[in-house]
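So you can see what is in the structure, the chains are spelled out below.
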Amino acid sequence: MGGFLEDIRRFFRVMDFSKSGKRVRSLFVVLALMSIVSSVLTVAQPFLYMELIDSIVGEGGGLLGFSTETIILVYGVCFLVARVIDELWKAVFTNLTLSAQRSLAEKAFDHIIRLPSSFFLGKDKHSLSEIISKARSGVHEIISVSLETIVPVVLEFFLVSLIVYMLFPGSVLAILIASVVVFVVVAIVGSEMIRPWQRGFTEENNKTHQVLGEILSSEETIKSFNVEDSFKKRYLSHMAVFENYCYKFFRWSAFIGSMQMLAIGGALIPMLFISFNFLKNDALTLGAFVMINVLTIQLIMPLRRLAYAYRQVKESAVDIEQLDKVMSIPSETQRSDDGRGEVILESPSISFDNVCFCYEEGEEPVLNDVSFTVPEGKAYAFVGASGAGKSTISKLIMRYYDVSSGNILLGGRNVEGFPRDAVRRFVGMVSQDVVLFNDTLRFNLDFGECVEDARLVSALKAVDLDGFVDALPNGVDTMVGDRGMRLSGGQRQRVGIARAILKDPKVLIFDEATSSLDMHTEKTVSENINIVSEGKTTIVIAHRLSTIINADKILVLDQGEIVSSGTHGELIESCDVYRKLYMSGGATSVDQPLQMLSD
Ligand SMILES: Nc1ncnc2c1ncn2[C@@H]1O[C@H](COP(=O)(O)OP(=O)(O)OP(=O)(O)O)[C@@H](O)[C@H]1O
């Protein structure tokens, strides 16, 4: 029972109705009132039916003392009003659930999108979106079963008990209450018992979706290695675990359902015998005898629904619990270490002061005691072998992660004193993997921020994409396909650079931003990048040394440490790591000028 109360508490915590707006709360009250009226009318009908029979057979004219015609009229009106309320109920219910689901989805989105990047490490994004969509369905179910089933059934049971108490011998009421208590206890104990399987199949279902999503998104790799069957096995093995949980869950559900029916069905027989004896001894009217039968049968259906409702609430509670877990992780804006200041510097210097960092606690540091300063308005390049830690530097500047020790300074001030989103407004980053959304090119450039066409065109020109876009059937309004599949790798990368140009930040980071371009396009785009980053503090991360010709200084990173820095000439003279990188980049001798690499 404690678990059930915790589920209810969790539901209200996740929904947070106090912030859901007046509309949701008002709709909730209206629906609750309609449910109450509908329940009263439902119980009134068998009671009026009893009055009608007793009035027709002339057994005392009934309790109310109305004429037969009046009872028929009242009975008919009750029936009609109950049906009309049932229909109106559906319309108000749809309004309420849609508003509640929207409010939950908005809250969940706002929270999850601002969770720290460390939360997403190793997490499957597809299963996260499943959690939101299942919690939305869960909210629908909980509102539905509580207002459509729990409130009416509890009220109807109370009213029926009152009628039975007033008209029937105490033994009938005792049997009725005992059977309902057994029914409810079996429902609660049974639901707790089957909960692990229910949780199991919910989680396994998420995993199955996740595996399928991963397989479909890597379809080309799978085809190229002809390993379709191996991946089918992988998918089906998750399905098998899911099915196993399902079988157990539904088998036990059926058993519990039968036990509940036994409790109610078993009670009806003695109740009818007792009532019949009273009827024979004239202690009960014929109408009352008919009514007790109708009332019990009428109670069975809602009680069955109650058992289903309990299980449904439990099932939905599992979904809501999953979202609640995610919602309880502090988002970046909720974290007490998120600074409050605004970044209002013009084009500040960037400094790393003895920075150490590891992605997971206890792991080997990815950056080890890194210190450097990129002066205001200068362009510094970071070079180093794959895995040396270059991209990690840019992620730390963007505050996707916090340093393990040391400080990062923006204009001499610790970045941790600034809110994370303010830092990101200030710094523009073009990373090696440009993610495109399945929308128009325009959306992929301005993210729906309605940038004027003239600015779009100028950004496209800067990355040498204007000719390509002009030739598209719908220009910038052409769809780019799933993950931008209709564009080449180089075109996608140029869209990424154009985005940064449109953002016009004070600080620019280019992380292998031109790695997918051919030599010729790279040269054009690099020239444009130089124009765009003129006067801005710029960091360029590159494998291809040809892209760092214009850097004011080159810093060489090796296994998370800065091993040397200087100009190209100085590094060729003094740094082995740099010399090796230079030679592996296609230079025929260390004396070949850097410019020659791109020709
Ligand atoms: N999200 C992550 N979680 C855990 N470890 C990571 C993560 N990202 C990178 N690493 C590890 O950190 C190290 C540095 O990675 P980083 O991406 O910074 O290197 P890089 O120099 O930019 O390499 P490349 O030139 O290949 O892009 C690598 O050993 C990598 O395995």
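Note that the coordinates shown come from a computational prediction; the quantities given were computed from them, not determined experimentally.

Regarding the pairing of strand β8 (residues 537–541)
Now for step 1: Most of β8 is tucked away, with five of its five residues classed as buried.
Now for step 2: Neither face of β8 is exposed, since T537, I539 and I541 on one face and T538 and V540 on the opposite face are all buried.
Now for step 3: Relative to β8, strand β3 (residues 379–384) is paired through four bridges, and the arrangement is parallel. Paired with Y380 across the strands is I539, a residue of β8.
Now for step 4: Bridging between strand β7 (residues 507–511) and β8 involves five bridges; their strand directions are parallel.

A look at the packing of helix α2 (residues 22–56) against helix α5 (residues 125–167)
Now for step 1: Following both chains from N to C, one finds α2 and α5 inclined at 35 degrees, their axes separated by 9 Å at the closest point. Between α2 and α5 lies a crossing of right-handed hand. Two secondary-structure elements touch here, α2 through F28, L31, A32, S35, I36, S39, V40, T42, V43, F47 and M50 and α5 through I143, L147, V151, P152, L155, E156, L159, V160, I163 and L167.
Now for step 2: Among the residues forming the contact of α2 with α5, the class breakdown is 17 nonpolar, three polar and one charged.

Some remarks on helix α15 (residues 489–503)
Now for step 1: Its 15 residues give α15 an end-to-end C-alpha distance of 22 Å, which sits within 8% of 21 Å, the value for a rise of 1.5 Å per residue.
Now for step 2: Burial of α15 is extensive: 12 of the 15 residues sit out of reach of the surface.
Now for step 3: Where α15 is buried, its residues touch β6 (427–430), α12 (441–446), α13 (453–462), α14 (466–471), β7 and α16 (519–532).
Now for step 4: D504 occupies a position one or two residues after α15 and carries a positive phi of about 50 degrees.

A short note on the UniProt feature "transmembrane region" (unreviewed entry) in the protein
Now for step 1: Taking the numbering used here, the UniProt-annotated feature "transmembrane region" (unreviewed entry) corresponds to residues 27–49, 61–82, 142–166, 172–190, 254–278 and 284–303.
Now for step 2: Secondary structure content for residues 172–190 is 100% helix and 0% strand, while the C-alpha to C-alpha distance between its ends is 27 Å.
Now for step 3: As a span, residues 254–278 carries 100% helix and 0% strand, and end to end its C-alpha atoms are 37 Å apart.

Description of the sheet that holds strand β1 (residues 350–357)
Pairing between the strands of a sheet comes from backbone hydrogen bonds, and it takes one of two forms, parallel or antiparallel.
Now for step 1: If you walk across this open sheet you meet the four strands as β2-β1-β4-β5, and the pairing is antiparallel. Strands with a single pairing partner mark the edges of an open sheet, and in this sheet they are β2 (367–374) and β5 (413–414).
Now for step 2: In the packing of helix α10 (residues 390–397) onto the sheet, contacts are made with β1, β2 and β4 (405–410), and the angle to β1 comes to roughly 115 degrees.

What to know about the sheet that holds β8
Now for step 1: Read from one edge to the other, the open sheet built from six strands follows the order β6-β7-β8-β3-β9-β10, with strand pairing classed as mixed. Across the chains shown, the open sheet's two edge strands, defined by having one partner strand only, are β6 and β10 (561–566). Here the average twist between neighbouring strands, direction ignored, is 20 degrees.
Now for step 2: In this structure, β3 lies alongside strand β9 (residues 553–558), joined through five bridges in parallel fashion. Counted as the bridge partner of Y380 is K553 from β9.
Now for step 3: In this fold α15 packs onto β6 and β7, with an angle of close to 170 degrees to the strand it touches most, β6.
Now for step 4: Those strands touched by helix α18 (residues 576–584) are β3, β9 and β10, and its axis lies near 100 degrees from that of β9.

Considering the site of the ligand
Now for step 1: By nearness alone, 14 residues border the ligand, and S386, G387, K390, S391 and T392 come closest of all.
Now for step 2: For the ligand, an oxygen atom lies 3.0 Å from a polar atom in the backbone of G389.
Now for step 3: Between an oxygen atom of the ligand and a side-chain N or O atom of K390, the distance comes to 2.9 Å.

Brief notes about the domain arrangement of the protein
Now for step 1: Annotation of the protein at the domain level lists domain 1 (2–327) and domain 2 (350–598).
Now for step 2: The straight-line distance from the C-alpha centre of domain 1 to that of domain 2 is 55 Å.
Now for step 3: With five residues of domain 1 at the interface, the matching set in domain 2 holds six residues.
Now for step 4: Buried surface at the junction of domain 1 and domain 2, summed over both partners, amounts to about 420 Å²; 53% is from carbon and sulfur atoms.
Now for step 5: Of all residues in domain 1, S117, L121 and S217 give up the largest surface area on contact with domain 2, accounting jointly for 79% of the area buried on that side.
Now for step 6: Put simply, domain 1 and domain 2 have one residue pair in polar contact (both at pLDDT 80 or more) between them.

The rules we used
- Per chain, residue numbering runs from 1 following the sequence as it is written.
- The model is predicted, so local features are restricted to residues of pLDDT at least 70 and side-chain atom pairs to those at 80 or more, both for listing and for counting; the totals for chains, interfaces and linings are taken over all residues.
- Only hydrogens and water are set aside when side-chain values are computed; all heavy atoms of the structure are taken into account.
- For every residue, the accessible area (1.4 Å probe, protein chains only) is compared with the maximum for its type, and the residue is labelled buried under 20%, exposed over 50%, or partly exposed between those bounds.
- Where helices and strands are cited, they refer to DSSP runs of H or I of at least four residues and of E of at least two residues respectively, numbered from the N terminus.
- Two strands qualify as a pair provided that DSSP identifies no fewer than 2 bridges between them.
- The angle between two axes is taken between their N-to-C directions and runs from 0 to 180 degrees, where each axis is a line fitted to C-alpha atoms and a helix contributes only its stretch in contact.
- Crossings are assigned a handedness: left-handed for a near helix turned anticlockwise from the far helix by less than a right angle, right-handed for a clockwise turn.
- Whether two residues are in contact is decided by their heavy atoms: any pair within 4.5 Å suffices.
- Only Asp, Glu, Lys and Arg are considered charged in this grouping, and only Ala, Val, Leu, Ile, Met, Phe, Trp, Tyr, Cys and Pro are considered nonpolar; every other residue, Gly among them, is considered polar.
- One fewer than the residue count of a helix, multiplied by 1.5 Å, yields its expected span.
- UniProt positions are given in the numbering used here, feature names are shortened, and annotations may be inferred rather than shown by experiment.
- We call a residue near a molecule or strand when any one of its heavy atoms sits within 4 Å of it.
- Polar contacts, as counted here, are pairs of nitrogen or oxygen atoms within 3.5 Å of one another; within protein the pair requires one atom able to donate a hydrogen and one able to accept it, and residues that are adjacent in sequence qualify only if both atoms are side-chain atoms.
- Start and end positions for the domains come from either an automated domain assignment or a database one.
- Values labelled buried area give the accessible surface lost by two parts on being combined, using a 1.4 Å probe and summing over both.

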